[in-house]
Amino acid sequence: MSPDVGLISLFFASIFTSNILLSNFLGMCSFISVSKDFTSSNGLGLAVTFVMTVTTAINWLVYHYLLIPFGLEYLRYIVFIIVIAAIVQISEMVIERMSTNLYMSLGIFLPLITVNCAILGVALFMQIRNYNFLQSVIFGLGSGLGWWLAIVSLAAIRKKVDKSPVPGPLKGPGITLITIGLMAMAFMGFSGMLNVQ
Amino acid sequence: MAQKNWIAIAKDNLWYNNPVFIQILGICSTLAVTNTLINTSIMTLGVVFVTGLSALTVSLLKSFIPRKVRMIAQTLIISFYVIIVDIVLRAYVPEVSRALGPYVGLIITNCIIMGRTEAFAQSNPPLLSLWDGLTSGIGYMYVLLMVAFVRELLGFGTLFGFQILPNNFANWTIMVMPPSAFFMLAIFIWILKGYMFRKEVKK
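Residues numbered from 1 in each chain as written. Chains lettered and ligands numbered in written order. Predicted model: local features only at pLDDT ≥ 70, side-chain atom pairs only at ≥ 80, totals over all residues. Heavy atoms only, no water.

Asker: Can you explain the overall build of chain A? Please cite residues and give values.
Answerer: For chain A, the count of helices and strands is eight helices and zero strands. What you see in chain A, going N to C, is helices and strands ordered as α-α-α-α-α-α-α-α. Whereas a compact globule of 197 residues would reach a radius of gyration of roughly 16 Å, chain A reaches 17 Å, a difference of no more than 12%. Along the three orthogonal principal directions, the C-alpha set of chain A runs to about 60 × 45 × 30 Å. Sorting the 197 residues of chain A into buried and exposed places 54% on the buried side. Considering only residue pairs separated by 6 or more positions, chain A has 80% of its internal contacts joining residues 24 or more positions apart. Working note: accessible area of chain A is about 8,600 Å², and carbon and sulfur atoms make up 71% of it. With 9 positive and 6 negative side-chain charges, chain A shows a spacing of 12 Å between the two charge centroids. (Helix = DSSP H or I, 4+ residues; strand = E, 2+ residues; numbered from the N terminus. Rg over C-alpha atoms; globule rule 2.2 N^0.38 Å. Buried < 20%, exposed > 50% of the residue type's maximum accessible area, 1.4 Å probe, protein only. Contact = heavy atoms within 4.5 Å. Areas by Shrake-Rupley, 256 points an atom, 1.4 Å probe, with all protein chains shown as cover. Lys, Arg positive; Asp, Glu negative; His and termini not counted. Charge placed at Lys NZ, Arg CZ, Asp CG, Glu CD.)

Asker: An account of helix H1 (residues 7–15) of chain A is requested, with residue identities and associated values reported.
Answerer: Buried within H1(A) are the following residues: Leu10(A), Phe11(A), Ala13(A), Ser14(A) and Ile15(A). Structurally, H1(A) contributes buried residues whose contacts are with helix H7 (133–162) and helix H8 (173–188) of chain A.

Asker: Give a description of the interface of chain B and chain A that names residues and reports values.
Answerer: Counting residues at the interface gives 38 residues for chain B and 41 residues for chain A. A buried area of about 3,300 Å², summed over both sides, lies between chain B and chain A, and 86% of it is on carbon and sulfur atoms. On the chain B side of the contact with chain A, Thr109(B), Phe182(B) and Trp190(B) bury the most area, a combined 18% of that side's loss. Our enumeration of links across chain B and chain A arrives at one salt bridge. With a closest N to O distance of 4.0 Å, Arg76(A) and Asp86(B) form a salt bridge. Across the chain B-chain A interface, the total number found is one residue pair in polar contact (both at pLDDT 80 or more). (Buried area = accessible area lost by both parts, 1.4 Å probe. Salt bridge = Lys/Arg side-chain N within 4 Å of Asp/Glu carboxyl O. Polar contact = N/O pair within 3.5 Å; in protein donor to acceptor, adjacent residues only side chain to side chain.)

Asker: Help me get a handle on the pattern of salt bridges, residues and values and all.
Answerer: Considering all chains together, one arrives at three salt bridges over all chains under this definition. One salt bridge in this structure joins Arg116(B) and Asp132(B), with 3.0 Å as the shortest N-O distance. On the criterion of sequence distance, the pair formed by Arg116(B) in helix H5 (residues 111–119) and Asp132(B) in helix H6 (residues 126–156) is long-range, its members being 16 residues apart. Overall, Arg116(B) belongs to the buried group, its relative accessible area being 16%. Each of Arg76(A), Asp86(B) and Arg90(B) takes part in salt bridges that share partners, so that together they form one network.

Asker: Give me the lowdown on empty space enclosed by the protein, citing residues and values where you can.
Answerer: Applying the stated rule across the entire model yields one cavity of 30 Å³ or more. Forming the walls of the largest cavity are Phe16(A), Thr17(A), Asn19(A), Leu22(A), Ser23(A), Ala184(A), Phe187(A), Met188(A) and Pro178(B). Per-element tally for the lining of the largest cavity: the top contributor is H8(A), with three residues. When the residues that make up the lining of the largest cavity are grouped by side-chain class, the tally is six nonpolar, three polar and no charged. (1 Å grid on protein atoms, 1.4 Å probe; cavity = no way out; pocket = protein on both sides within 12 Å on 5 of 7 lines; lining within 4 Å. Points joined across faces, edges and corners; volume = space filled by probe spheres on them. Nonpolar A, V, L, I, M, F, W, Y, C, P; charged D, E, K, R; others polar.)

Asker: Please provide a residue-by-residue account of a nonpolar patch on the surface, values included.
Answerer: Residues and elements named next belong to chain B. Together, Phe 49, Phe 80, Ile 84, Val 88 and Tyr 92 make up a nonpolar patch on the protein surface, roughly 510 Å² of accessible area in all. In terms of residue count, helix H3 (residues 70–92) provides more of the nonpolar patch than any other element does, four residues in total. Tracing the sequence through the fold places Phe 49 in helix H2 (residues 37–61). (Patch = residues over 30% accessible without salt bridge, like charges linked within 9 Å, V, L, I, M, F, W, Y side chains within 5 Å.)

Asker: Pulling in residues and values, what's your account of the UniProt feature "transmembrane region" (unreviewed entry) in chain A?
Answerer: Residues and elements named next belong to chain A. In this structure's numbering, the residues bearing the UniProt feature "transmembrane region" (unreviewed entry) are residues 6–32, 44–68, 74–95, 102–125, 137–157 and 177–196. Segment residues 44–68 splits into 96% helix and 0% strand. End C-alpha atoms: 33 Å apart. With 100% helix and 0% strand, the stretch residues 137–157 has end C-alpha atoms that lie 30 Å from each other. (UniProt positions renumbered as here; feature names shortened; annotations may be inferred.)

Asker: Requested: an account of the side chain of Gln74(B), with residues and values cited.
Answerer: The topology assignment puts Gln74(B) in helix H3. Those residues in contact with Gln74(B) that sit more than four places away from it in its chain are Val58(B), Met114(B), Thr117(B), Glu118(B) and Gln122(B).

Asker: Tell me about the side chain of Lys193(B), and name the residues and values.
Answerer: Within the element layout of this structure, Lys193(B) appears in helix H7 (residues 178–202). Excluding residues within four positions of it along the chain, Lys193(B) makes contact with Pro169(A), Lys171(A), Pro173(A), Phe21(B) and Ile22(B).

Asker: An account of the UniProt feature "transmembrane region" (unreviewed entry) in chain B is needed here, citing residue identities and associated values.
Answerer: Residues and elements named next belong to chain B. As annotated in UniProt, the feature "transmembrane region" (unreviewed entry) corresponds to residues 20–38, 44–65, 72–93, 99–115, 127–149 and 169–192 in the numbering used here. A helix fraction of 82% and a strand fraction of 0% characterise residues 44–65, whose end C-alpha atoms lie 29 Å from each other. Each end of residues 127–149 is marked by a C-alpha atom, and these two atoms are 33 Å apart; helix forms 100% of the span and strand 0%.

Asker: Talk me through the confidence of the model for chain B; I want residue IDs and the actual numbers.
Answerer: All names here are of chain B. Here chain B shows a mean pLDDT of 81. Residues at 70 or above account for 97%. Helix H1 (residues 6–16) is the least confidently modelled element of chain B, averaging 77 in pLDDT, while H2 averages 88, the highest of any element. Quick note on the complex model: pTM equals 0.81, ipTM equals 0.74. (pLDDT = per-residue confidence, 0-100.)

Asker: Kindly report on the confidence of the model for chain A, identifying the contributing residues and their values.
Answerer: Residues at a pLDDT of 70 or more form 91% of chain A, whose mean pLDDT is 81. Within chain A, H7(A) carries the highest mean pLDDT (89), whereas helix H5 (residues 100–106) of chain A carries the lowest (75).

In structure tokens:
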């Protein structure tokens, strides 16, 4: 709720203390299912960061120059999701052209970025918190990087966990959730430094 | 796809194939609201409403939607119902709507709804799809209510806002903070799956 928050602190806060994944629980589905493998989680993190930055910028422009002047704010969910779907479609085509390897390794998860809650979440947060254009872009970029950092570190941790003796019913999602919980606590350790709500 | 009967669908969605603790779907937008029971119940009621009706609508419209654009068409149908939920919440329970913040809008990207419309409603008759959507919503609801029950009781000492534990009880602050949501869900998964495993072994 503070439109005058500094850009640099906003950037670092959205990476660490208010990490979109660990403090707002957004983007969990793909986070849990993709993080089994390091390479594809790295690629997905990159794709999410890109899509998040671009869609936040476009959604800000659309919201402030199209929806507000015509009094159509209640349509924001539909409009935001259409913008996101369009950008994901475009980046899918670009990635297919540029790097077939990455395209193959992402597979079904690339179109699923559309329904990644983190991307819609960032768009809704920037609107609720009244960020201006520059702040929104920085917020989108920072959140994307934070998501990337979280998924890559989880993928690395899960490599180790796979080799450990875990009780049967806790295997798979259970132990992963506990790992994420511990990661969330570690990230919260940064919260004395900066605070952006 | 062979048609399953109604009871088998309900059993599947509520227990054997529960969206939350077996498939780990849709926990994205809702772990955050499980720190109080009131928010959780309203949020999950919204989810049940949206899952049921969007499954019904998708099933009714499935022959009119070209396969290529079905994803975006489903998303639009879902957003339509989410907008209704949002407007109703803002009109009748404005303070809950404020507390939920962006998470009402995030019902759109709840993977359960997308999963049910894509996997079930696309290939099944309307009423059966409605039933499937409703039961998977309820399967999601009761797991979240259990998580919220523990978190609110230990975090604030209250249930639905009423003081339950004695005043000198020291609240576990960690319970209202994000990490505990992960721990609680993991513990519930552990218990429920352990129970399931034991039953299978007995058979």
